[in-house]
Amino acid sequence: MRAKKLKKLRLSALDTMTDEQLFDTRFCDLPLRVEGSPLKHRLSQLYKELESRGLRFKPHVWLSKEWFTPDRIPGFAIPFYLAHPRLVRLERKQMLEVEGGTEKECLQIMRHETGHTIDNAFQLHSRPRYRELFGSFAHRYPDWYKPEPHSRDYVLHLPAWYAQAHPAEDFAETFAVWLVTGSRWKRQYEKWPALKKLEYVDQIMKALAGKNPLTRSRQRFEDLPEIMMTLREHYRLKRRHYAFHWTADYDHGLQRIFSSEPRYTQRLSAVTFLRHHRRELCQEVAEGTGVHTYAIHQMLMPMISRCRELKLRLSLTEAHTKQKLLVLLTVQTMNGVRSGYHRIAI
Ligand SMILES: [Zn+2]
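About the cut-offs
- Residues numbered from 1 in each chain as written.
- Predicted model: local features only at pLDDT ≥ 70, side-chain atom pairs only at ≥ 80, totals over all residues.
- Heavy atoms only, no water.
- Helix = DSSP H or I, 4+ residues; strand = E, 2+ residues; numbered from the N terminus.
- Buried < 20%, exposed > 50% of the residue type's maximum accessible area, 1.4 Å probe, protein only.
- Contact = heavy atoms within 4.5 Å.
- Areas by Shrake-Rupley, 256 points an atom, 1.4 Å probe, with all protein chains shown as cover.
- Lys, Arg positive; Asp, Glu negative; His and termini not counted.
- Charge placed at Lys NZ, Arg CZ, Asp CG, Glu CD.
- Phe/Tyr/Trp six-rings, centres within 6.5 Å; stacked < 30°, edge-to-face > 60°.
- pLDDT = per-residue confidence, 0-100.
- Polar contact = N/O pair within 3.5 Å; in protein donor to acceptor, adjacent residues only side chain to side chain.
- Core = buried A, V, L, I, M, F, W, Y, C linked by side-chain atoms within 4.5 Å.
- Salt bridge = Lys/Arg side-chain N within 4 Å of Asp/Glu carboxyl O.

Things to note about the overall build of the chain
On a plain count of helices and strands, the chain comes out with 14 helices and four strands. Overall, the C-alpha framework of the chain stretches about 75 × 65 × 35 Å when taken along its three principal axes. For the chain, with 346 residues in total, the buried portion stands at 53%. Long-range contacts, defined here as pairs at least 24 residues apart, represent 74% of the contacts in the chain between residues at least 6 apart. Accessible surface, the chain as shown: approximately 17800 Å² in total, 50% of it carbon and sulfur. Both charge centroids of the chain, one from 58 positive and one from 39 negative side chains, sit 2 Å from each other.

So, in structure tokens, the structure goes:
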């Protein structure tokens, strides 16, 4: 009975649905399309960039749970929430950030995915020079990777040094940097070993101008109408996936910022202070490290509990406390990254 009612869901109904009603909805019942959504304009922009480089190839797109490009397919999936502002709000509430939420970020990810699709469309990864520069495409995909933040062998584009995750990601990131209109990659990467990769992409793309792709498949994977899962189950799994899994030791760090000495009993408790500044602290560390805000939030929550157990209170000025906390959180986040940070492959 419910399934029948949900099938009639209209696009305009999404605006007035509560979070609970949305959680009970299955992906296949969401009345979403790329056409007529804010994504349409972003996609046109991407196609214009490709045309301006003389490339005839245009990836096909569809809506799914997350960003991804399936193996061998010259098209990519876009997360459902980007097709409607109500679902962008739900994503932000659940995950504390929206991957591709702004036009700029959305285009960055679209260029990255286009790198994968053009690789698939022309089977670029089978070329010897590709393998020499980026490594083997067949290399097993890691569950996590340990980036070297100072490496100059890779371009910097998506957060968290994503080019270092896999040879295919390295190629996609290099392509994305090359594609941007007015990109100053030659100057920006001058003296970086990564310049060789950019020059190779430039050379290949010039040769592919006006050419038709080797594969014209319009196949889709995990297309929205095929997904029977509810949004509730999706968010439960997604939140579990993003959390850090490492044993942190931060008592000493907290005790250098806060104090349990009797002379500070009149001062604000560390718990109150952290709760009040939680959002901005997480956002600042996420921006500085490229790690998902949700992961940082998950790391901060046990710290707040520990402050309660240790009965810590402010001992410095608020500004000084915040500054020291940013350093502590950044160090802890980078330790988390080094011990293996789990991101969804995009
Ligand atoms: Zn990718």
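Right, picking up where we left off after that structure.
Observations regarding the packing of aromatic side chains
For any pair of aromatic rings, geometry is given as the distance between the ring centres together with the angle between the planes. Applying the stated criterion across every chain yields a total of 12 aromatic pairs. Geometrically, the ring pair formed by W62 and F68 is edge-to-face, given 6.4 Å between the ring centres and 80° between the ring planes. F68 carries the same exposure label as W62, and that label is buried. Centre to centre, the rings of F80 and Y81 are 5.5 Å apart; their planes meet at 80°, and the pair counts as edge-to-face. Like F80, the residue Y81 is buried in the burial classification.

Observations concerning the confidence of the model for the chain
Taken over all residues, the pLDDT of the chain has a mean of 91, while the share at 70 or more is 94%. Taken together, the stretch residues 1-6 has pLDDT below 50 and engages in five contacts with residues farther than four places along the chain or on a different chain.

As for the environment of G100
On the secondary structure map, G100 appears in the loop between α4 (85-95) and α5 (103-122). Sequence separation between G100 and W161 is 61 residues, and the spatial gap between their C-alpha atoms is 17 Å.

Brief notes about the side chain of E66
Structurally, the position occupied by E66 is in the loop between β1 (60-64) and β2 (75-79). A distance of 3.3 Å separates polar atoms of two side chains, one belonging to E66 and the other to K238.

As for the environment of I109
With respect to the element layout, I109 can be found in helix α5. It is 15 Å that separates the C-alpha atoms of I109 and T181, two residues lying 72 residues apart in sequence. In this structure, I109 is in contact with W67, E99, G100, L158 and I346, ignoring residues within four places of it in sequence.

Considering the pairing of β1
Of all five residues that make up β1, five are buried, and the element is covered over most of its length. Residues of β1 alternate between two faces, with H60, W62 and S64 on one and V61 and L63 on the opposite face, all of them buried.

A few points about the environment of L224
With respect to the helices and strands, the residue L224 is situated in the loop between α9 (195-208) and α10 (231-242). A sequence separation of 18 residues divides L224 from K206, and the C-alpha atoms of the two residues are 35 Å apart. Excluding its chain neighbours within four sequence positions, the residues that come into contact with L224 are F27, C28, L30, L32, L63, S64 and F80.

Points about the nonpolar core
Judged by nonpolar contacts, the single largest core of 68 residues is most densely connected at W67, F80, L87 and M205. Dropping the residues within four chain positions of it, M205 is found in contact with L55, I118, L124, F171, F175 and W178. The next biggest cluster of nonpolar side chains, apart from the first, holds 32 residues, and it includes A286, A295, L300 and M303.

Things to note about the pattern of salt bridges
Pairing between side chains of opposite charge can happen when the charged atoms of each approach one another. Taken as a whole, this structure holds 21 salt bridges when the rule is applied. K93 is the partner of D19 in a salt bridge, and the nearest nitrogen-oxygen pair spans 2.6 Å. Taken as a pair, D19 in helix α2 (residues 19-23) and K93 in helix α4 lie far apart in primary sequence, 74 residues in all. The class for K93 is exposed, based on a relative accessible area of 57%. In this structure, R232 and D24 form a salt bridge, with 3.0 Å as the shortest nitrogen-oxygen distance. A residue pair is termed long-range when its members are at least 10 positions apart, and R232 in helix α10 and D24 in the loop between α2 and α3 (38-52) qualify at 208 residues. Taking the relative accessible area as the measure of exposure, R232 reaches 36% and is therefore partly exposed. The structure contains a network of salt bridges with shared partners spanning D19, R86 and K93.

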